[in-house]
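For reference, the chains in residue letters:
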Amino acid sequence: MTVKTGGNMYTTLKPVLKKAIQMNMAIGAFNAHNLEMTQAIVKAACAEGVPVIIQTSEGTAKFVGMKSFVAVCKSLSVEYGIDVVLHLDHARNWDNIKEAIDAGYSSIMYDGSHLPFKENVLATQHVVEYAHTAGASVEGELGTIGGTEDGIAVDPDAVEFTKPADAVKFVELTDVDALAVGIGTNHGQYKSKTKLRFDVLQAIHEAVDIPLVVHGGTGVSDEDIHKVINGGIRKFNVGTELLVNWNKISADLYSTNKENTSTRNNVIPALEAIQKIVQGKIELFKNL
Ligand code: 13P
């Protein structure tokens, strides 16, 4: 079934998350590691008739080239006729953040969750000021998400759930457009599902009037996807499930296909699998 929430615009978090609130659904934010994955994700969102958030780590943004990523996302939004947001995920380095905004990334996540509250506020304010002036949106993070992402591990003893009173102050002081919250998810959890703190999510949702973001979406069960959306989650991040499938499928093909075959023959089945997984997630995110 198609939910008509899309246009054909290269856009920011603001309008797509506003639609998500109106429809009590979440918009999928999928981590792309190269341009081929990006196209498969956009194709999936087009087939489902919803906007999509493509997100890249700082490492992937540098690897592909920020201007090239922007150009491709702009072009895909027109070609596939859906709203596409290009979001820098877990950015901590000011030079990379500035470069991404200057190159045309439409959204940034500044991750100051490793900092004391006041320093997180000050650094996030700095990013918001630059991003908003350029017309880009910003996601902040308060509390921590466990696990490992793109080589950065969070010490399990340092994982902290988001405190609702801090969230109120943080949102007021920083003017972020979305807030990532610590409710028990872990980055990179793909062999099991996590146990979530719905009570923490409910308290945050009652305290702040802002779209909330779940990280570590691979480790959230299908049943819990609906529960967190009903609890105020509007941006739902999924990375590892796509990456693991790409790596497994293409590794088999690279080792069995002839060495002089076109490289596309080694990745097309992986891309088809990614499109299928993304469509399945989006069906859940529609929260019908
Ligand atoms: P997973 O890789 O665990 O799905 O998490 C993705 C994410 O939260 C990106 O920030």
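Because the structure is a prediction, the values reported are computed rather than measured.

### Thoughts on helix α7 (residues 164-174)
Next up, step 1: Three or more residues of α7 are buried, namely Ala 167, Phe 170, Val 171 and Thr 174. One side of α7 holds all its buried residues, which, seen down the axis, span an arc of 95°. Among the exposed residues of α7, those oriented more than 90 degrees off its buried face are Ala 165 and Glu 172.
Next up, step 2: Where α7 is buried, its residues touch α6 (117-134), β6 (137-142), β9 (178-181) and α8 (198-207).
Next up, step 3: The first or second residue beyond α7 is Asp 175, which carries a positive phi of 65°.

### Quick look at the pairing of β9
Each regular strand carries side chains that alternate between the two faces of the sheet.
Next up, step 1: Residues of β9 alternate between two faces, with Ala 178 and Ala 180 on one and Leu 179 and Val 181 on the opposite face, all of them buried.
Next up, step 2: Pairing between β6 and β9: four bridges, direction parallel. Following the sheet pairing, Glu 139 is matched in β9 by Ala 178.
Next up, step 3: In terms of strand pairing, β9 meets strand β11 (residues 212-214) through two bridges, oriented parallel. By the bridge assignment for β11, Ala 180 is matched with Val 213.

### Looking at the site of the ligand
Next up, step 1: In the vicinity of the ligand there are 16 residues, among which Asp 89, Gly 188, Gly 216, Thr 218 and Thr 240 approach most closely.
Next up, step 2: A distance of 3.2 Å separates an oxygen atom of the ligand from a polar side-chain atom of His 90.
Next up, step 3: One of the side-chain nitrogen or oxygen atoms of Asn 237 is found 3.4 Å away from an oxygen atom of the ligand.
Next up, step 4: Among the elements of the structure, β4 (84-91), β10 (186-187) and β12 (233-238) are those that each provide at least two residues to the shell around the ligand.
Next up, step 5: When grouped by side-chain class, the residues that make up the shell around the ligand number one nonpolar, 13 polar and two charged.

### With respect to the packing of aromatic side chains
Next up, step 1: This model, assessed by the stated rule, comprises four aromatic pairs.
Next up, step 2: Residues Phe 30 and Phe 285 carry aromatic rings whose centres are separated by 6.3 Å and whose planes lie at 25° to one another, so their mutual orientation is stacked. With Phe 30 in strand β2 (residues 27-31) and Phe 285 in helix α11 (residues 264-285), this residue pair connects regions lying 255 residues apart in the sequence.
Next up, step 3: On the basis of relative accessibility, which here comes to 0%, the residue Phe 30 falls in the buried class.
Next up, step 4: Judged by relative accessible area, Phe 285 falls into the buried class, the value being 1%.
Next up, step 5: One aromatic cluster is present, built from ring pairs that chain together Phe 30, Phe 236 and Phe 285.

The rules behind the values
- Residues numbered from 1 in each chain as written.
- Predicted model: local features only at pLDDT ≥ 70, side-chain atom pairs only at ≥ 80, totals over all residues.
- Heavy atoms only, no water.
- Buried < 20%, exposed > 50% of the residue type's maximum accessible area, 1.4 Å probe, protein only.
- Helix = DSSP H or I, 4+ residues; strand = E, 2+ residues; numbered from the N terminus.
- Arc of directions from axis to C-beta.
- Contact = heavy atoms within 4.5 Å.
- Pairing = 2+ DSSP bridges.
- Near = heavy atom within 4 Å.
- Polar contact = N/O pair within 3.5 Å; in protein donor to acceptor, adjacent residues only side chain to side chain.
- Nonpolar A, V, L, I, M, F, W, Y, C, P; charged D, E, K, R; others polar.
- Phe/Tyr/Trp six-rings, centres within 6.5 Å; stacked < 30°, edge-to-face > 60°.

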